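# Observations on chain architecture
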Amino acid sequence: MATIRTGAQILWESLVREGVTTVFGYPGGAILPAYDAMLEYPIRHVLVRHEQGATHMADGYARASGEVGVAVATSGPGATNMVTGIATAMLDSSPVVCITGQVGSKLIGSDAFQETDVTGVTLPITKHNYLVSDVSELAATIHEAFYVARSGRPGPVLVDITKDAQQASAEFVWDDSPVRLRGYRPELRATEAEYRQAIELINGAKRPIIFAGHGVMLSGATGLVRELAERANIPIAMTLLGIGGFPALHPLNLGMMGMHGEAWVNQAIQEADLLLALGMRFDDRVTGNIRTYAPNARKIHVDIDPAEFNKNVLVDVTMAGDLSAVLADLLPQVERGDRADWLSAIAAMKGDSAVRDVQNLPDSGHLYAAHVINDLWRMTDGKAIVVTDVGQHQMWEAQYYHHQEPRSLITSGGLGTMGFALPAALGAKLARPDAEVWVIAGDGGFQMTMCELATIVQEKVKVNVAIINNGYLGMVRQWQEFFYERRYAATPLLSPDFVKLAEAFGIRSARVSHRQDVMPAIEMARAEEGAVVLDFRVEQEDTVYPMVPAGADLHAMIRRPSPSPIVETADD
Ligand SMILES: Cc1cc2nc3c(=O)[nH]c(=O)nc-3n(C[C@H](O)[C@H](O)[C@H](O)COP(=O)(O)OP(=O)(O)OC[C@H]3O[C@@H](n4cnc5c(N)ncnc54)[C@H](O)[C@@H]3O)c2cc1C
Ligand SMILES: Cc1ncc(C[n+]2csc(CCOP(=O)(O)OP(=O)(O)O)c2C)c(N)n1
Ligand SMILES: [Mg+2]
């Protein structure tokens, strides 16, 4: 017997069959039929305070769990508010499906109330998008949207559904057989010749480095990467988004590469004879000047998206395919290695780095962001999910929180979206309710999406928030310090009293200005049942070191002066 459903019911029926249990959204006229039908389905709807928050929550949910995150909005302003979140997911290959309502199909093109051509607007920032105006196509479109979002290189997909398609009825037919799309081949395989070349280069290399990128996590390849590194004794460096793909405290782990990477990592890259790049895309934050990048190294690039090959860096061997599949085939042919000379040469490159580390400076009583983050790392045993915002605090997090687990650092890398952290953390916590989740945000970025504190309270979500409050748009101030003669145009930042603000939301809060108060505050936050906001008043003009100026040679890093001058804090 035919099962007749409205489009609105078909939408939820299809989402449930795709395994969706939670959606993040905000209602409005063009999506009202869908919201009305939602009440009949086993779906948790999280009412956000701004649709940007919904997309970041869906993104955080996806990054924490590996499942597709779902965001819902109405037409026009609801949909356009999603744009930043969609672009954020696109640049970091995060699988998100956005559902938007659209005006009735007969009104399209008439500048109807709240009409925006959202498929047009989001065309360049989605992996794919759809406009559905025929109810009979809805179920198959949702199935296809999830397939596109999660297959191959993941990414955001938007499905815009006209109001009449939500209201009309059709037979519900669910076909969950594998989707085949003309021109879309996510299951590429490297050739035999490429395997042979790669093996020859790996086994013959004297100074190799493995690059672990975000693809390690997306592919679930952490175990295989570790096997490879340990078998061949090859040190590993990580991109920002690759952090967690290899245990931070493992002896072969070098740390982060690139603009704010460890000095010895960048130096080692410049001296390496082989780079084995796994699921990373040679972002400009990673390479610095391409012309002088890793001049002595042969390069092997493994990636699921062949569009990344030779895009930024010319390589010797390309290997298309899912990283886990490629490594599984490669591993048996990799010879056991020693490479003790190379490892000790890199150890020597560390030189006086420890002396320059803020952690090792004499305690002046001043509070540095590094202290806060390092204490948080120690107290959570490196096992929390940390969701960062964008700026100096983000880089210090990467340097001072030593992630042992995959998917435990969630951060906006490619788009660098301020305002990401708080909503993304809410999404991460709902995806992994048993995990301890911390937000590390700047005083600037926190203010961009702090309205989601209300969502956190309404949904009773336990996340802890550490605001690294330096009174500046710190990362921009740092660029002004280095490259604009300290002309601080529009970077000093007035903030509300974050403690009172949190209290207005019904959230417990505390201000911390001294180093000895950091741990007790973290302890308080961890013990509290509900969310907690901590306002850490840190050194105002501290700087992220090392820094490779944009476009400079990777080895031309600006280093922390040694010993570092201590400057005044906000409290002095
Ligand atoms: C203020 C700021 C400073 C920054 N500084 C640095 C820095 O110093 N160092 C740094 O590293 N980054 C830095 N970044 C981040 C940087 O901009 C990039 O986001 C980051 O380097 C990208 O890392 P990635 O290539 O590993 O990940 P992505 O950009 O997510 O790329 C992942 C790659 O993996 C591939 N992939 C996906 N799935 C699979 C699979 N199953 N199998 C194989 N391949 C797969 C994809 O096709 C893609 O090529 C900074 C960002 C900001 C905002
Ligand atoms: C939405 C958005 N607008 C502007 C920027 C440019 N930007 C990058 S870092 C930064 C400063 C961030 O300040 P804050 O949140 O206080 O963090 P801090 O650097 O001080 O740790 C700015 C303005 C951005 N990344 N995102
Ligand atoms: Mg700041």
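Rules used throughout
- Residues numbered from 1 in each chain as written.
- Chains lettered and ligands numbered in written order.
- Predicted model: local features only at pLDDT ≥ 70, side-chain atom pairs only at ≥ 80, totals over all residues.
- Heavy atoms only, no water.
- Near = heavy atom within 4 Å.
- Polar contact = N/O pair within 3.5 Å; in protein donor to acceptor, adjacent residues only side chain to side chain.
- Areas by Shrake-Rupley, 256 points an atom, 1.4 Å probe, with all protein chains shown as cover.
- Helix = DSSP H or I, 4+ residues; strand = E, 2+ residues; numbered from the N terminus.
- Donors = N, O, S within 2.8 Å, 3.2 Å for Na, K, Ca; no water.
- Buried < 20%, exposed > 50% of the residue type's maximum accessible area, 1.4 Å probe, protein only.
- Nonpolar A, V, L, I, M, F, W, Y, C, P; charged D, E, K, R; others polar.
- 1 Å grid on protein atoms, 1.4 Å probe; cavity = no way out; pocket = protein on both sides within 12 Å on 5 of 7 lines; lining within 4 Å.
- Points joined across faces, edges and corners; volume = space filled by probe spheres on them.
- Core = buried A, V, L, I, M, F, W, Y, C linked by side-chain atoms within 4.5 Å.
- Contact = heavy atoms within 4.5 Å.
- Pairing = 2+ DSSP bridges.

Taken together, 37 residues lie around ligand 1, and Thr239, His260, Arg281, Asp303 and Asp322 are the ones closest in. Contact distances for ligand 1 include 3.4 Å between an oxygen atom and a side-chain N or O atom of Arg153. Measuring from an oxygen atom of ligand 1, one finds a backbone N or O atom of Gly414 at 3.1 Å. Relative to its unbound accessible surface of 1,000 Å², ligand 1 loses 96% to contact with the protein. Elements represented by at least two residues in the shell around ligand 1 include exactly helix H10 (214-219), helix H13 (284-287) and helix H18 (392-400).

The coordination sphere of the magnesium ion (ligand 3), as far as protein atoms go, consists of Asp443 (OD), Asn470 (OD1) and Tyr472 (O), spread over 2.0 to 2.1 Å. Donor residues for the magnesium ion (ligand 3), ordered by position in the chain, follow D-x26-N-x1-Y. Classification of Asn470 by relative accessible area gives buried; the value is 7%. Overall, the relative accessible area of 12% leaves Tyr472 in the buried class.

The local shell around ligand 2 holds 17 residues, among which His393, Gly416, Asp443, Gly445 and Gly474 are the closest. Backbone polar atom of Met418 to a nitrogen atom of ligand 2: 3.4 Å apart, as the coordinates give it. Backbone polar atom of Gly444 to an oxygen atom of ligand 2: 2.9 Å apart, as the coordinates give it. The fraction of the free accessible surface of ligand 2 (580 Å²) that becomes covered by protein chains is 77%. Among the elements that make up the shell around ligand 2, the one with the highest residue count is helix H20 (residues 443-449) (four residues). Taken together, the residues that form the shell around ligand 2 break down as seven nonpolar, nine polar and one charged.

Take empty space enclosed by the protein next. Unoccupied space between atoms shows up once a probe the size of one water molecule is rolled over them. Considering all chains together, one arrives at three cavities of 30 Å³ or more under this definition. The space that makes up the largest cavity amounts to roughly 100 Å³. In terms of lining residues, the largest cavity is bounded by Arg63, His214, Met217, Leu241, Ile243, Arg407, Leu409 and Ile410. Of all elements in the fold, only H10 and strand S16 (409-410) reach the threshold of two or more residues within the lining of the largest cavity. A breakdown of the residues in the lining of the largest cavity according to their chemical character gives five nonpolar, one polar and two charged. By volume, the second largest cavity is sized at about 40 Å³. Surrounding the second largest cavity, Val358, Leu361, Pro362, Asp363, Ser364, His366, Tyr368, His371 and Arg515 form its lining. In terms of residue class, the lining of the second largest cavity is built from four nonpolar, three polar and two charged.

Counting 70 residues, the largest nonpolar core has Leu278, Ile300, Met319 and Phe536 as its most contacted members. In terms of residue count, the dominant contributor to this core is helix H17 (residues 369-379) (seven residues). Excluding residues that lie within four positions of it along the chain, Phe536 makes contacts with Leu367, Val372, Ala466, Ile467, Ile468, Asn469, Val512, Val518 and Ile522. Counting residues in each nonpolar core, the second largest holds 50 residues, with Phe24, Leu426, Met450 and Ala502 among its members.

With five of its five residues buried, strand S12 (residues 274-278) lies for the most part within the structure. Of the two faces of S12, the one lined by Leu274, Leu276 and Leu278 and the one lined by Leu275 and Ala277 are each fully buried. Strand direction decides the pairing type here: strand S9 (residues 208-212) and S12, joined by five bridges, are parallel. Directly across from Phe211, in S12, lies its bridge partner Ala277.

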